[in-house]
Amino acid sequence: MISGKTKLIGHLGFPTESFKAPLIYNPYFERDGIDAVVVPMGSRAEDYPDFLKLFFRLSNAHGALVTMPHKVVTTGLVDDLMPTAAIAGACNAVRRESDGRLTGDMFDGEGFVRGVLRKGRQVAGTRALVVGAGGVGSAISASLAKAGVAELGLFDMNGGAAEALGGRLTRYYPALKVSTGSNDPAGFDIVVNATPLGMKPGDPLPLDIERLPASAFVGEVVMAQVITPFLAAAQQRGCQIQVGTDMLFEQIPAYLEFFGLPTTTAEDLRSVARLG
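Just so it is clear, the model here is predicted, and its values are computed rather than measured. (Residues numbered from 1 in each chain as written. Predicted model: local features only at pLDDT ≥ 70, side-chain atom pairs only at ≥ 80, totals over all residues. Heavy atoms only, no water.)

Looking at the nonpolar core
If you look at the biggest cluster of nonpolar residues, it comprises 25 residues, and the most contacted ones within it are Val130, Ile140, Leu144, Leu152, Leu169 and Ile190. Of all the secondary-structure elements, those providing two or more residues to this core are helix 5 (108-118), strand 7 (127-131), helix 6 (135-146), strand 8 (151-155), helix 7 (159-172) and strand 10 (190-193). In terms of residue count, the dominant contributor to this core is helix 6 (four residues). Grouped together as the second largest cluster of nonpolar side chains are 24 residues, Ile9, Ala93, Ala254 and Phe258 included. (Core = buried A, V, L, I, M, F, W, Y, C linked by side-chain atoms within 4.5 Å. Buried < 20%, exposed > 50% of the residue type's maximum accessible area, 1.4 Å probe, protein only. Helix = DSSP H or I, 4+ residues; strand = E, 2+ residues; numbered from the N terminus.)

Okay, here's the thing in structure tokens:
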């Protein structure tokens, strides 16, 4: 039951037809009696900077989930940007503080890291390779650094993107060892495909699978299918894997914590979601 006391969380993006968040959050809020609601709000890019400020002038606006195409521009619209969002160069959550200031953060990478940890794998002190230095690859790299990896290998077909990401990471984590220019997975404990490769039939694998250690934990961001060709090949090598949708569900508990709302587990959210 929505009332005048209900906390309003806007899901801001355009177009809204494919939004899944309301179908995950709202059934959970309803079941657990949490007086909050996620509402899709379609804002075109040219209107968004003004709309974000207007949204947070609503007295019952509690926070916002930010999706495409607004993640990058949001970094310049908030008052305080958390390090993970600053490194990623993108922001997908905004909350209003008690003094009215807006704080922005990024949780794509947090979802990935939480998935790794919940599967019983260690992150702190490990060596991780992230193939793809775009938005999601940058977010995962930032969260891996926050979680304490000792070494981070970055690769992108655009070498400048990987170099720039490495520079942002070492600015915030000066003790982190960063290497760029190679997608050779040999010797790495965690290997992530953060490229679009695997979305279309016939895509090449993002790296030489024969060089992938059987002991590596292999993660994927592509959600077009549960087991992508890359994950299937990694399983054949004996690797433990994480599917793309795990990142989606694992980040929601982190969002709930960010908004100061009661949190739960990814498994619970999967069970209550009404995704059809």
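Structural notes on the pairing of strand 2 (residues 36-42)
The pairing of strand 1 (residues 7-13) with strand 2 spans seven bridges and is parallel. Across the sheet, glycine 13 pairs through a bridge with glycine 42, a residue of strand 2. (Pairing = 2+ DSSP bridges.)

Notes on the side chain of histidine 11
Summarising the element assignment, histidine 11 is placed in strand 1. The contact partners of histidine 11, leaving out residues within four places of it in the chain, are Phe19, Ala21, Pro22, Val38, Val39, Pro40, Met41, Leu65 and Thr67. (Contact = heavy atoms within 4.5 Å.)

Overview of the sheet that holds strand 9 (residues 177-180)
Spatial ordering of the open sheet is given by 9-8-7-10-11-12, a layout of six strands whose pairing is parallel. Strands at the two margins of the open sheet, each flanked by one partner only, are strand 9 and strand 12 (240-242). Direction aside, the axes of adjacent strands within the sheet are offset by 15° on average. Of the strand pairs in this sheet, strand 8 and strand 9 are connected by four bridges, and their pairing is parallel. (Axes fitted to C-alpha atoms, helices over the stretch in contact; angles between N-to-C directions.)

Some points on the sheet that holds strand 4 (residues 80-81)
Taken together, the six strands give an open sheet; going across it, the order is 2-1-3-5-6-4, and neighbouring strands pair in mixed fashion. The outermost strands of the open sheet, each flanked by one partner alone, are strand 2 and strand 4. One ladder, built from five bridges, connects strand 1 with strand 3 (residues 61-66); its direction is parallel. Bridged to leucine 8 within strand 3 is alanine 61. Along the sheet face, helix 2 (residues 48-55) touches strand 1, strand 2, strand 3 and strand 6 (102-105) and points at about 175° away from the line of strand 1. Sitting on the sheet, helix 9 (residues 244-258) is in contact with strand 3, strand 5 (93-96) and strand 6, with an inclination near 20° to strand 5.

Brief notes about the pattern of salt bridges
Applying the stated criterion across every chain yields a total of 15 salt bridges. Across the salt bridge formed by glutamate 110 and arginine 114, the nearest N and O atoms sit 2.7 Å from each other. One end of the pair is glutamate 110 and the other is arginine 114, both in helix 5 and four residues apart, which spans about a single turn. Look at arginine 114 and you get partly exposed, because its relative accessible area is 22%. One salt bridge connects glutamate 250 with arginine 118, and the closest N-O pair in it is separated by 2.9 Å. Here the residue glutamate 250 occupies a position in helix 9, and arginine 118 occupies one in helix 5, the gap between them amounting to 132 residues. For glutamate 250, a relative accessible area of 7% puts it in the buried group. By relative accessible area, which is 42% here, arginine 118 ends up partly exposed. (Salt bridge = Lys/Arg side-chain N within 4 Å of Asp/Glu carboxyl O.)

What to know about the packing of helix 1 (residues 21-32) against helix 9
Helix 9 packs onto helix 1 with a crossing angle of 55° between their chain directions and a minimal axis gap of 11 Å. Classified by the interaxial angle, the pair formed by helix 1 and helix 9 is oblique. In the packing of helix 1 onto helix 9, the handedness of the crossing is right-handed. Listed contacts from helix 9 to Ile24, Tyr25, Tyr28 and Phe29 of helix 1 are Phe249, Ile252, Tyr255 and Leu256. Of the residues that constitute the contact of helix 1 with helix 9, the class distribution is eight nonpolar, no polar and no charged. (Parallel < 35°, antiparallel > 145°, perpendicular 65-115°, else oblique. Left-handed = near helix turned anticlockwise from the far one by under 90°. Nonpolar A, V, L, I, M, F, W, Y, C, P; charged D, E, K, R; others polar.)

As far as function goes, none of this settles anything; it's purely spatial.
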